[in-house]
Structures are given as structure tokens and as C-alpha cells.
Amino acid sequence: MRTFVAGQEAHGDIEFAELALGIDIDLFRGPLESETDGERAAREDAARDILADLRSEAEAGDEIAGWDALYADALTRTVPFLRAVSGHRSGTGEAA
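Quick caveat, the model's predicted, so the values are computed rather than measured. (Residues numbered from 1 in each chain as written. Predicted model: local features only at pLDDT ≥ 70, side-chain atom pairs only at ≥ 80, totals over all residues. Heavy atoms only, no water.)

Observations concerning the confidence of the model for the protein chain
What counts is decided by this rule: pLDDT measures how confident the predictor is about each residue, on a scale from 0 to 100. A run of H or I in DSSP counts as a helix once it spans at least four residues, and a run of E counts as a strand once it spans at least two, with each numbered from the N terminus.
Here the protein chain shows a mean pLDDT of 80. Residues at 70 or above account for 77%. The secondary structure element of the protein chain with the lowest average pLDDT is helix H5 (residues 81-86), at 56, and the one with the highest is helix H3 (residues 37-59), at 94.

This is the structure:
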């Protein structure tokens, strides 16, 4: 079975959520693979700008933008499991 959102096929749960909500999860949460300091700074700047836009749209009465802002803000407080695990030393349970 194939799943479509707004005429685009979603290939997996994350892509379905991105298409349905209009939120790029990696932009707010960060990618699963490593990124340079410059890439992270640019991504975080873009995420802050988009979050500010969503909040202003919500204050202007756009309920969907308000929910998107809450979701995007929550994503900024998460750490992908694979990235969190790679920061630990094998067998010690301590951060690298």
C-alpha cells in the first residue's frame, strides 16, 4: 500500500509526518549523521527564523501555524537516538 499526502508519495513514517505537517524534522532536530559547526550554525539559524515566522503567524490567528510552532519547538529539544549513542564510549556508559 502506498501513502500520498497532497499528491506526493510518502516513503516512510518520517516523510509522511514531514509532508502532512509541513515541518522538516532534520531542520529542527538535526540530522542523524554528524554535521560541521558551520552547518549546524546555519541549520539552527534557519530553524530559529522559521520558528519565529510560525509564532508570528500563530499570534495573527493561524491555528495550524501555532501547532506547527509547538511541534518544531519540541523537535529542537530532542537528540536523535543514533547521535546520542555515538557520543558514548563503548562499554563505559560515559560520554566520549
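Notes on the side chain of Arg29
Where we set the bar: Categorising residues by exposure relies on relative accessible area from a 1.4 Å probe, with only protein chains included: less than 20% of the type maximum marks a residue as buried, more than 50% marks it as exposed, and the intermediate range marks it as partly exposed. Think of a polar contact as two N or O atoms within 3.5 Å of one another; within protein, one of them needs to be a possible hydrogen donor and the other a possible acceptor, and neighboring residues in sequence only count if both atoms come from side chains.
Relative to the assigned elements, Arg29 resides in helix H2 (residues 25-29). Classification of Arg29 by relative accessible area gives buried; the value is 15%. Looking at Arg29, its side chain comes within polar contact range of the side chain of Asp26, at 2.2 Å.

With respect to the pattern of salt bridges
Pairing between side chains of opposite charge can happen when the charged atoms of each approach one another. Stated precisely, the cut-off is as follows: Here, a salt bridge means any Lys or Arg side-chain nitrogen found within 4 Å of an Asp or Glu carboxyl oxygen.
Using the criterion set out here, one finds six salt bridges in the structure. Between Arg48 and Asp45 there is a salt bridge, with the nearest N and O atoms lying 2.4 Å from each other. Here the residue Arg48 and the residue Asp45 both occupy positions in helix H3, the gap between them amounting to three residues, near one helical turn. The class for Asp45 is partly exposed, based on a relative accessible area of 40%. Between Arg77 and Asp73 there is a salt bridge whose closest N-O contact spans 3.4 Å. With a relative accessible area of 63%, Arg77 lands in the exposed category. Connected through salt bridges with shared partners, the residues Arg55, Asp73 and Arg77 form a single ionic network.

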